[in-house]
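Coordinates in review
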Amino acid sequence: MDIPESNHEPAASSLLRQIPAVDELLNRPALRELEGRVGHRLVVEATRTVLQGLREEISRGSLSQVSAEWLEAKILEEAEAVTAFSLQPVINATGVILHTNLGRAPLAPEALAHLVQAAAGYSNLEYDLERGERGRRDVHTDGLFGRLLGSERVLVVNNNAAAVFLALNTLAEGAEVIVSRGELIEIGGSFRIPDVCAKSGAVLREVGTTNRTRAGDYAAAISERTRVLLRVHPSNFRIVGFTERPTLPELAELAHKHNLLLMEDLGSGCLVDLTSCGVRDELPAAMSLQAGADVVTFSGDKLLGGPQAGILVGKSEPLERIRRNPLFRALRVDKLTIAALEATVSLYLQGRLDSIPALRMMRLGKQEIALRAVRLAGRISAHTGFSAVLRDGDSVIGGGSTPGQTLETCLVAVRHSRHSAAELEEMLRRQKPAILGRVEQNEFIIDLRTVGEDQEDKIAQAFERLTICD
Ligand SMILES: *Cc1c(COP(=O)(O)O)cnc(C)c1O
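Residues numbered from 1 in each chain as written. Predicted model: local features only at pLDDT ≥ 70, side-chain atom pairs only at ≥ 80, totals over all residues. Heavy atoms only, no water.

Turning to the packing of helix α3 (residues 29-38) against helix α5 (residues 68-83), a few remarks are in order. It is the contact of α3 with α5, at a shortest axis distance of 10 Å, that shows an interaxial angle of 15°. When the axis of α3 is compared with that of α5, the two are roughly parallel. Crossing of α3 over α5 shows left-handed handedness. Of the residues in α5, those in contact with A30, L31, L34 and V38 of α3 are E72, I75, L76, A79 and T83. Here the contact of α3 with α5 is composed, by residue class, of 7 nonpolar, 1 polar and 1 charged. (Axes fitted to C-alpha atoms, helices over the stretch in contact; angles between N-to-C directions. Helix = DSSP H or I, 4+ residues; strand = E, 2+ residues; numbered from the N terminus. Parallel < 35°, antiparallel > 145°, perpendicular 65-115°, else oblique. Left-handed = near helix turned anticlockwise from the far one by under 90°. Contact = heavy atoms within 4.5 Å. Nonpolar A, V, L, I, M, F, W, Y, C, P; charged D, E, K, R; others polar.)

Reading across the sheet, the 5 strands line up as β2-β12-β13-β16-β15 and stay open at both edges, with mixed pairing between neighbours. Here the strands that pair on one side only, and so sit at the sheet edges, are β2 (96-98) and β15 (438-440). Direction aside, the axes of adjacent strands within the sheet are offset by 40° on average. The pairing of strand β12 (residues 386-398) with strand β13 (residues 406-416) spans 11 bridges and is classified as antiparallel. Paired with V389 across the bridge in β13 is A413. On the sheet, helix α19 (residues 456-469) packs against β12, β13 and β16 (443-447) and is oriented at approximately 135° with respect to β12. (Pairing = 2+ DSSP bridges.)

Surrounding the ligand, one finds 13 residues, the nearest of these being A161, S235, D265, S299 and K302. One of the backbone N or O atoms of N160 is found 3.0 Å from an oxygen atom in the ligand. S299 is positioned such that a nitrogen or oxygen atom in its side chain is 2.7 Å from an oxygen atom of the ligand. Protein burial of the ligand: of its 380 Å² of free accessible surface, 94% is covered by the chains. Of all elements in the fold, only α8 (160-172) and β9 (261-267) reach the threshold of two or more residues within the shell around the ligand. Within the shell around the ligand, the residues separate by chemical class into 4 nonpolar, 6 polar and 3 charged. (Near = heavy atom within 4 Å. Polar contact = N/O pair within 3.5 Å; in protein donor to acceptor, adjacent residues only side chain to side chain. Areas by Shrake-Rupley, 256 points an atom, 1.4 Å probe, with all protein chains shown as cover.)

Our focus in this paragraph is the layout of surface pockets. Space inside the largest pocket adds up to approximately 1,200 Å³. Lining the largest pocket are 38 residues, with V90, R104, A105, P106 and L107 sitting closest to its centre. Where the lining of the largest pocket is concerned, the elements lending two or more residues are β1 (90-92), α16 (357-363) and α17 (366-381). In terms of residue class, the lining of the largest pocket is built from 16 nonpolar, 13 polar and 9 charged. Composition of the lining of the largest pocket by domain shows at least three residues from each of domain 2 (90-98 + 362-469) and domain 3 (107-355). Residues belonging to the lining of the second largest pocket are distributed by class as follows: 8 nonpolar, 10 polar and 9 charged. (1 Å grid on protein atoms, 1.4 Å probe; cavity = no way out; pocket = protein on both sides within 12 Å on 5 of 7 lines; lining within 4 Å. Points joined across faces, edges and corners; volume = space filled by probe spheres on them. Domains from an automatic or database assignment.)

See below:
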């Protein structure tokens, strides 16, 4: 800096003297109103933070005047930032339906209503109203899953990772579990079958090869230490080409001949045939039970379209043992999850699949999406600098289900005369609510499959705000 410090000093000290006192600021009507909403302490803290920042700016010489109005606006902003929720709604325009980073399955209105009711008051969570005595929280989902899947027993835990861990810990701690090398998967977020097995205290016995494993490979590995044959759904990848693996009935026969249990981790898991939703290769959990699996685990918030949960279904004997494991208590779900799950599963029982948002999104046809895309593209192109065109593309189901399988969609591809697609992506991500799309070949891509019709206005308005700020 060429300017001698002394040149700044008089200006800085006079600016510092102009800073209003804290009490004076707090008496301004807008801040008193703020105090009424968020309390005295937060307003004082916000005021101090803003004044501190102001003093620093003055001593850096980057301010030429101080006004109480400006300070007031800053304090309101600061208090708002402190009280704003960290968990915010976002608009998912990525076209990934079960987007793990964005909270997977949105809940059905029926599930929300039941959840709110359970959350707001008391319920018979663990109270048997018939007998007037303590009951079990499992009963609320037992009957529904039993009817849908023909399962003897149902347990619900925090997520499917917990379900797999708990089952292995109960059924095979200190003993061996046999798994095909083609199924030693990682599904992200540090869930790896070998690691989960190790943590559960079970010893993993790998058999076969990556692409081919036969029933004979399992048979040869069975010893007096074996307790479980584990089949794992490969979830987010596929082995194609020269492949082989035994059918589930073959494995069940082998397991039962040796008095072992057959467990299947379905991963996503569905309750009914979802071919009409564009889901191929995913068999309903009931098929696994019919094929002879003793314990089957799957997620509540993947293809099922409900809340985060891990569901264990199957035969009473192993499930009763799992329930008695002290870890079950540590991994069990709360009343909110039970309410949301019960209401979601009830929709399946009633055949109302279109009420489940994730399934409805899967069922949307390309034509239907295209009509909405035309409308939105028109609204975006109406703003100076923006152009939006339609492109053919693909949506994905996500959540580790149906890899390599896509749903045809119609995309809105947006460009700006001066901003790159990466810049657009950032500007839209910083809107409230944030709009999250994809960037492909210098276009910002919006897939309306995962956007609610009521959210289209919000997207159009965000583009309008971008035009005005430009
Ligand atoms: C997703 C998945 C899990 C984990 O389920 P969460 O509900 O995310 O804990 C476990 N196994 C398989 C095969 C999966 O696809």
